[in-house]
Amino acid sequence: INLYGSSVLASRTQETVRQISILAAEVRALYRSNPTTVGVTLAVLDSAGAVPEKISATAPAYINEWGGGVTVGPDPTNPLNFIVVLNDIPVTTCVRLGVFSSAGEGIVGDGIVDFETLDAGGIFASADTEVIAGNKANGVNPQEALIACSAQADGETDVRWTFRI
């Protein structure tokens, strides 16, 4: 039974990776020639056929693999970046998805600027604890991801990636 549970977890985690990677690639494809990501939403992406089928099928609510919401939007601090938010992600999946290198490369793709989780106070906080000169793109290691992903008491968390166009 434990092997089955591990297999299901791995399969659903891989589907989540695929969905995030597709969303990031499609935002880049649609907004690369624009000077800003202002106006990017799942509804806009969906109208262009750029939302993974499993997520698109749940429109207009846009539900992720784990039953929580999905949001795509401009980064409020840098109009050249965009964010992808997944709600109600299990801690084990969160840890796997949150790790990325100082070059911005991770399991969900490249161009990652930051990975944040909802803290116990309900505010998104960076998992990158090594902020240098105001830059958070120093990468997130597995230990940092575990700490960040475990902030919520219910075993699930909301996660937010910031990507470069």
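This text follows the structure it describes.
Residues numbered from 1 in each chain as written. Predicted model: local features only at pLDDT ≥ 70, side-chain atom pairs only at ≥ 80, totals over all residues. Heavy atoms only, no water.

## Quick word on the nonpolar core
Side chains of nonpolar character tend, in soluble globular proteins, to be buried together. Within the largest apolar cluster, 36 residues are counted, with the highest numbers of intra-cluster contacts made by Leu-23, Leu-42, Leu-45, Val-72, Phe-115, Trp-161 and Phe-163. Secondary structure elements with two or more residues in this core: helix 1 (2-31), helix 2 (42-47), strand 1 (70-75), strand 2 (78-90), helix 4 (91-98), strand 3 (112-118), helix 5 (142-149) and strand 5 (156-164). For this core, the element with the most residues is helix 1, which contributes 6 residues. Residue contacts for Trp-161: discarding those within four places in its chain leaves Ile-20, Phe-82, Ile-83, Val-84, Leu-86, Leu-97, Val-108, Ile-112, Asp-114 and Phe-115. (Core = buried A, V, L, I, M, F, W, Y, C linked by side-chain atoms within 4.5 Å. Buried < 20%, exposed > 50% of the residue type's maximum accessible area, 1.4 Å probe, protein only. Helix = DSSP H or I, 4+ residues; strand = E, 2+ residues; numbered from the N terminus. Contact = heavy atoms within 4.5 Å.)

## A short note on the pairing of strand 3
Among the 7 residues that make up strand 3, 7 are buried, leaving the element largely enclosed by the rest of the structure. Inspection of the sheet shows strand 3 paired to strand 5 by 5 bridges, in the antiparallel sense. Among the inter-strand pairings, Phe-115 is bridged to a residue of strand 5, identified as Trp-161. Bridging between strand 3 and strand 4 (residues 124-126) involves 3 bridges; their strand directions are antiparallel. Directly across from Leu-118, in strand 4, lies its bridge partner Phe-124. (Pairing = 2+ DSSP bridges.)

## Remarks on the packing of aromatic side chains
Evaluated as defined, the whole model comprises 2 aromatic pairs. Consider the rings of Phe-82 and Phe-163, whose centres lie 5.4 Å apart with planes at 20°: the pair is stacked. Within this pair, whereas Phe-82 is found in strand 2, its partner Phe-163 is found in strand 5, the two being separated by 81 residues in sequence. Each member of the pair, Phe-82 as well as Phe-163, carries the same accessibility label: buried. Their ring planes at 50° and their centres at 5.4 Å tell us that Phe-115 and Trp-161 sit as a pair that is tilted. Taken together, the residues Phe-115 in strand 3 and Trp-161 in strand 5 connect sequence positions 46 residues apart. Using a relative accessible area of 0% as the deciding quantity, one classes Phe-115 as buried. Judged by relative accessible area, which is 0%, Trp-161 ranks as buried. (Phe/Tyr/Trp six-rings, centres within 6.5 Å; stacked < 30°, edge-to-face > 60°.)

## A look at the pattern of salt bridges
Here the structure, examined in full by the defined rule, presents 5 salt bridges. Here Glu-65 and Lys-54 are joined by a salt bridge, their closest N and O atoms 3.5 Å apart. Placement of Glu-65 in the loop between helix 3 (53-56) and strand 1 and of Lys-54 in helix 3 is noted, with a sequence separation of 11 residues between them. Residue Glu-65 is classed as buried on the basis of its relative accessible area of 18%. Salt bridges sharing common partners tie together Arg-12, Lys-54 and Glu-65. (Salt bridge = Lys/Arg side-chain N within 4 Å of Asp/Glu carboxyl O.)

Honestly, it's all geometry; don't read function into it.
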